[in-house]
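Structural overview
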Amino acid sequence: MKKNLKHIVVAFDGNEESKRAVEYGATLKKAFPEAELTVVHVLFDKVEQRIMGNASAPGFVPAAGFYVDPVQTHPVVEVEQPEIQMVNNTPSAVESSVQNAESNTLRLLSECQVKGKFEILEGHAPDSVCEYAARTAADLIVVGNSAKSGLEKFFLGSTSSSIAKNAPCSVFIAK
């Protein structure tokens, strides 16, 4: 019996592995033309760091947001920092990242001759992708194989393995 896919979610972060995932997602979309294809890009939830505490306290380093014992420091001249340009309350670097991810995704889908949606998610990538898949009743999540080194994988785990472990549906890891 052939499983009919209704919704395919592809996780895309811009690296080569995730581009391959988009290509596999496009191939699956061709095999299941009635399926909805959604490519998701996750923004890490810490877009902007905010200073906490009394910025005028001796030893407080405003740019870093932490306290350093004044006895342990040397005089430092504060350098003017350019203001971060905001676009609709979003830092321009983030806006640029989103636009790049979206244009790369749409270009890849166009090259594969399939149509799909592009969604921005926020938070921790594995959690956000799994929550999105559950919320939208996805049948399959396609992710790229992690590009992390052995030690990084050991200490942090890979995004793809975390998604595979926690997903509410089947997961395809593109290599």
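See the structure above.
Attention here is on the structure that accompanies the text. (Residues numbered from 1 in each chain as written. Predicted model: local features only at pLDDT ≥ 70, side-chain atom pairs only at ≥ 80, totals over all residues. Heavy atoms only, no water.)

1. Remarks on the pattern of salt bridges
Selection rule: What counts as a salt bridge is simple: a side-chain nitrogen of Lys or Arg found within 4 Å of a carboxyl oxygen of Asp or Glu. Only runs of H or I of at least four residues qualify as helices and only runs of E of at least two qualify as strands under DSSP, and these elements are numbered from the N terminus. For the exposure calls, accessible area comes from a 1.4 Å probe over protein chains only, and a residue counts as buried if that area is under 20% of its type's maximum, exposed if over 50%, partly exposed in between.
Per the counting criterion, the structure on display carries three salt bridges. Between E16 and K19 there is a salt bridge, and its shortest N-O distance comes to 3.4 Å. A residue pair is termed a helical-turn pair when its members lie 3 or 4 positions apart in one helix, as E16 and K19 do in helix α1 (residues 16-31) at three residues. The class of E16 is partly exposed, set by a relative accessible area of 47%. One salt bridge in this structure joins R107 and E111, with 3.1 Å as the shortest N-O distance.

2. Some thoughts on the packing of aromatic side chains
Going by this rule: Ring geometry is summarised as follows: Phe, Tyr and Trp rings, the Trp one being its six-membered ring, pair when their centres sit within 6.5 Å, and such pairs are stacked at plane angles under 30 degrees, edge-to-face over 60 and tilted between the two.
If you walk through the whole model with that rule in mind, you get one aromatic pair. With 4.9 Å between their ring centres and 50 degrees between their planes, Y24 and F172 make a pair best called tilted. Within this pair, whereas Y24 is found in helix α1, its partner F172 is found in strand β9 (residues 170-174), the two being separated by 148 residues in sequence. Here F172 falls in the partly exposed class, since its relative accessible area comes to 31%.

3. Looking at α1
We count it as follows: Each helix should span, by expectation, one fewer than its residue count multiplied by 1.5 Å. The term polar contact refers here to a pair of N or O atoms within 3.5 Å; inside protein, the definition further demands a hydrogen-donor-capable atom paired with an acceptor-capable atom, and it admits residues adjacent in sequence only when both atoms are side-chain atoms.
Between the first and last C-alpha of α1 there are 23 Å, a value that for 16 residues agrees with the 22 Å anticipated at 1.5 Å per step. Here α1 starts with a cap whose side-chain oxygen sits 3.1 Å from the backbone nitrogen of E17, and that cap is N15.

4. Comments concerning the environment of K117
Condition: Note on contacts: a residue pair is in contact if any heavy atoms of the two residues lie within 4.5 Å.
Checked against the element boundaries, K117 lands in strand β7 (residues 117-122). Each C-alpha atom, one on K117 and one on L106, is 8.4 Å from the other, the two residues being 11 residues apart in sequence. If near-sequence neighbours (up to four positions away) are discounted, K117 is found in contact with E36, L37, T38, V39 and Y132. A distance of 2.8 Å separates the side chain of K117 from the side chain of E36, its partner in a polar contact.

5. Observations regarding the sheet that holds strand β8 (residues 140-144)
Put simply, the rule is: Strand pairing follows a simple DSSP-based rule, namely that at least 2 bridges must link the two strands. Between N-to-C directions, angles span 0 to 180 degrees; the directions come from axes that are lines fitted to C-alpha atoms, helices contributing only their stretch in contact.
Spatially, five strands are ordered β7-β2-β1-β8-β9 in an open sheet, and the strand pairing comes out parallel. Of all the strands in the sheet, the pair left with one neighbour each is β7 and β9. For this sheet the average axis-to-axis angle between neighbouring strands, irrespective of direction, equals 25 degrees. The pairing of β8 with β9 spans five bridges and is parallel. Across the sheet, the residue bridging to L140 is S170, located in β9. Strands in contact with helix α3 (residues 125-135) are β1 (7-11), β2 (36-43), β7 and β8; relative to β7, the strand with the most contacts, it is inclined by about 125 degrees.

6. Focus: the side chain of T105
For T105, the location among the structural elements is in helix α2 (residues 92-111). By relative accessible area, T105 is classed as buried at 0%.

7. A word on the environment of V40
Here V40 shows up in strand β2. Judged by relative accessible area, V40 falls into the buried class, the value being 1%. With sequence-adjacent residues up to four places away left out, V40 is seen in contact with V9, V10, A11, F12, E119, L121, V129 and Y132.

8. Overview of the nonpolar core
Short version of the rule: To define a nonpolar core, start from buried Ala, Val, Leu, Ile, Met, Phe, Trp, Tyr and Cys residues and group those joined through side-chain atoms within 4.5 Å.
Ranked by internal contacts, the top residues of the largest apolar core, which has 20 residues, are I8, V10, V22, V39 and L109. Only β1, α1, β2, α2 and β8 provide two or more residues apiece to this core. Beyond its immediate sequence surroundings of up to four residues, V39 is in contact with V10, F12, V22, T105, L109, K117, F118 and E119.

Fair warning: the whole summary comes from geometry, so function is off the table for now.
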